[in-house]
Amino acid sequence: MKVIISAMLSTMFLLRPASVRGLSTFASCSSSRYLLRTAPTQLSRTYDVYTTGTSAAITKTNGGVVMSMSSSPSSSSETRKKKTPKKKKGVQRIDKVLADRGVGTRSQTFEIAKAKRITMASHPDAPHEERTRIKGPKEKVPPDAALFLDGNLLPSAAPLLLVYHKPKFVLSVMEDDKKYKDQERKHLGQVLSARYKRCGMHPVGRLDYDTTGLILFSLEGKLTQRLLHPKRGVEKEYVATVQGKADEEKLKQMLSDGVETTDGTFSAQLLEVTPSDGPASAPADDEMLWDEESSTEDRAQMDYSGEHSDVRLIVTEGKYRMVRRILANCGHPVVELRRERHGNVTLGDLAVGEFRDLKDEELEWAESLLK
């Protein structure tokens, strides 16, 4: 009778001679298979098995061989866990740092660093003798280090986030679709500096073509994902100028319960409703507000006369034209929409079409999302 027993052993079994009666032969095979040959008939018996780093017992019965094993720590140096060196915090590969500063693509900065053309110093005004030459593309440096290319000071590190006040009728893309090129529509790729574009900065989500307000530009894709994913619940605060005199309590309940749209049911938190003088001005051409993806809900006939209300609300999702749709389905079509906050970053008094860096407390919040 042949019995194959699988085990996680890398050493040979040694059987105590006095206990081997009943086993005609014992042989070790591969590191994971062991073959025992037994005589045709034997009484039940337990055999002692000695292994390196593992204790085991073999029980012989008329029905076959049963083997049980228990592992114990091995003293072999081969099984010891090798200690991995701790990663230095706050440093990055030099080729990535250079790419983030807009020096070139990752492959280009790799070659620059490989050619040893980069030097580093503790501050931008450091004389040549105080600068350290970077030995290769794998060397790691602080992202905010003062770096020099062929002796010339490089621009400082790009910010983690930039705040922009988007005007009306500007697309939230870095380049317009080719089929709309003849319309010469404005887009964010025309307002972001070439240096930041080379660094890979990109808009965090979108604002509708006819929506104004705060939009963020991000340097890190991971941060962008965490700012946008519904699971994170990052709040976005809007002020919508709507048609009609809105009943605050009624509207609050409707938004809290969830409003059905063609894309699903969405809820929002109503903060306040105040009287409004209406939009600053009606658009000269309503067709400028729409593209071919707009739904019939969006294309409802807009009436810019009569009473208006300003509705301040918070949402945590960013579906296409969602704020406009849920308010329209509550009986208050939106005639003007502005985003004033994304997470802990606020629009404040930033002028239309202007950029600003994050404040200290805003940067601290943004960095916390990456932890």
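Scroll up for the structure.
Residues numbered from 1 in each chain as written. Predicted model: local features only at pLDDT ≥ 70, side-chain atom pairs only at ≥ 80, totals over all residues. Heavy atoms only, no water.

Draft legend 1. Region of the structure containing the overall build of the protein. The number of helices and strands found in the protein is seven helices and 24 strands. Looking at the protein residue by residue over its 371 residues, the buried ones come to 42%. Looking at the protein alone, contacts between residues at least 24 apart form 66% of all its contacts between residues at least 6 apart. Split by element, the accessible area of the protein, about 21,700 Å² in all, is 49% carbon and sulfur. (Helix = DSSP H or I, 4+ residues; strand = E, 2+ residues; numbered from the N terminus. Buried < 20%, exposed > 50% of the residue type's maximum accessible area, 1.4 Å probe, protein only. Contact = heavy atoms within 4.5 Å. Areas by Shrake-Rupley, 256 points an atom, 1.4 Å probe, with all protein chains shown as cover.)

Draft legend 2. Fine view of the environment of Gln-92. With respect to the secondary-structure elements, Gln-92 resides in strand S8 (residues 92–93). Separated by 46 residues in the primary sequence, Gln-92 and Lys-138 place their C-alpha atoms 8.9 Å from one another.

Draft legend 3. Structural detail: the side chain of Arg-341. Position of Arg-341 relative to the elements: it lies in strand S22 (residues 334–342). In this structure Arg-341 comes out as buried when scored by relative accessible area, which is 16%. Separated by 2.9 Å, the side chains of Arg-341 and Glu-237 make a polar contact. Within polar-contact distance, the side chain of Arg-341 engages the backbone oxygen of Gly-343 at 2.7 Å. Those residues in contact with Arg-341, other than ones at most four positions away along the chain, are Leu-214, Glu-235, Lys-236, Glu-237, Ile-314 and Thr-346. (Polar contact = N/O pair within 3.5 Å; in protein donor to acceptor, adjacent residues only side chain to side chain.)

Draft legend 4. Up close: the packing of aromatic side chains. In total, this model carries four aromatic pairs according to the counting rule given. On the numbers, 5.8 Å between centres and 50° between planes, the contact of Phe-217 with Phe-355 is tilted. Taken together, the positions of Phe-217 in strand S16 (residues 212–218) and Phe-355 in strand S24 (residues 355–357) put the pair 138 residues apart, joining distant regions of the chain. Look at Phe-217 and you get buried, because its relative accessible area is 0%. Feature note: the residues Tyr-164, Phe-217 and Phe-355 constitute an aromatic cluster, connected by ring pairs. Positioned above the aromatic ring of Phe-148, the side-chain terminus of Arg-131 is 3.7 Å from the ring centre. Geometry around Tyr-209 places Arg-185 over its ring, the cationic atom sitting 5.7 Å from the centre. (Phe/Tyr/Trp six-rings, centres within 6.5 Å; stacked < 30°, edge-to-face > 60°. Lys NZ or Arg CZ within 6 Å of the ring centre and 35° of its normal.)

Draft legend 5. Summary view of a negative patch on the surface. Negative charge collects at one region of the surface, where Asp-360, Glu-361, Glu-364 and Glu-367 lie side by side. Its place among the elements puts Glu-364 in helix H7 (residues 360–368). (Patch = residues over 30% accessible without salt bridge, like charges linked within 9 Å, V, L, I, M, F, W, Y side chains within 5 Å. Salt bridge = Lys/Arg side-chain N within 4 Å of Asp/Glu carboxyl O. Lys, Arg positive; Asp, Glu negative; His and termini not counted. Charge placed at Lys NZ, Arg CZ, Asp CG, Glu CD.)

Draft legend 6. Main features of the side chain of Glu-362. On the secondary structure map, Glu-362 appears in helix H7. Within the local environment of Glu-362, its side chain forms a polar contact with the backbone nitrogen of Thr-346, the two atoms lying 3.4 Å apart.

Draft legend 7. Just helix H4 (residues 221–228), in detail. Residues of H4 that are buried: Leu-223, Thr-224, Arg-226 and Leu-227. On an axial view of H4, the arc spanned by its buried residues comes to 165°, and they lie on one face. Residues of H4 that are buried sit in contact with strand S14 (161–166), strand S15 (202–203), S16, strand S17 (236–243), S22 and H7. (Arc of directions from axis to C-beta.)

Draft legend 8. Quick look at the sheet that holds strand S12 (residues 146–149). Strand order across the open sheet formed by four strands is S10-S9-S12-S13, with antiparallel pairing between neighbours. Two strands in the sheet have a free side with no partner beyond their single neighbour: strand S10 (132–133) and strand S13 (152–153). The pairing of strand S9 (residues 118–121) with S10 spans two bridges and is classified as antiparallel. When the sheet's bridge partners are listed, Thr-119 is paired in S10 with Arg-133. (Pairing = 2+ DSSP bridges.)

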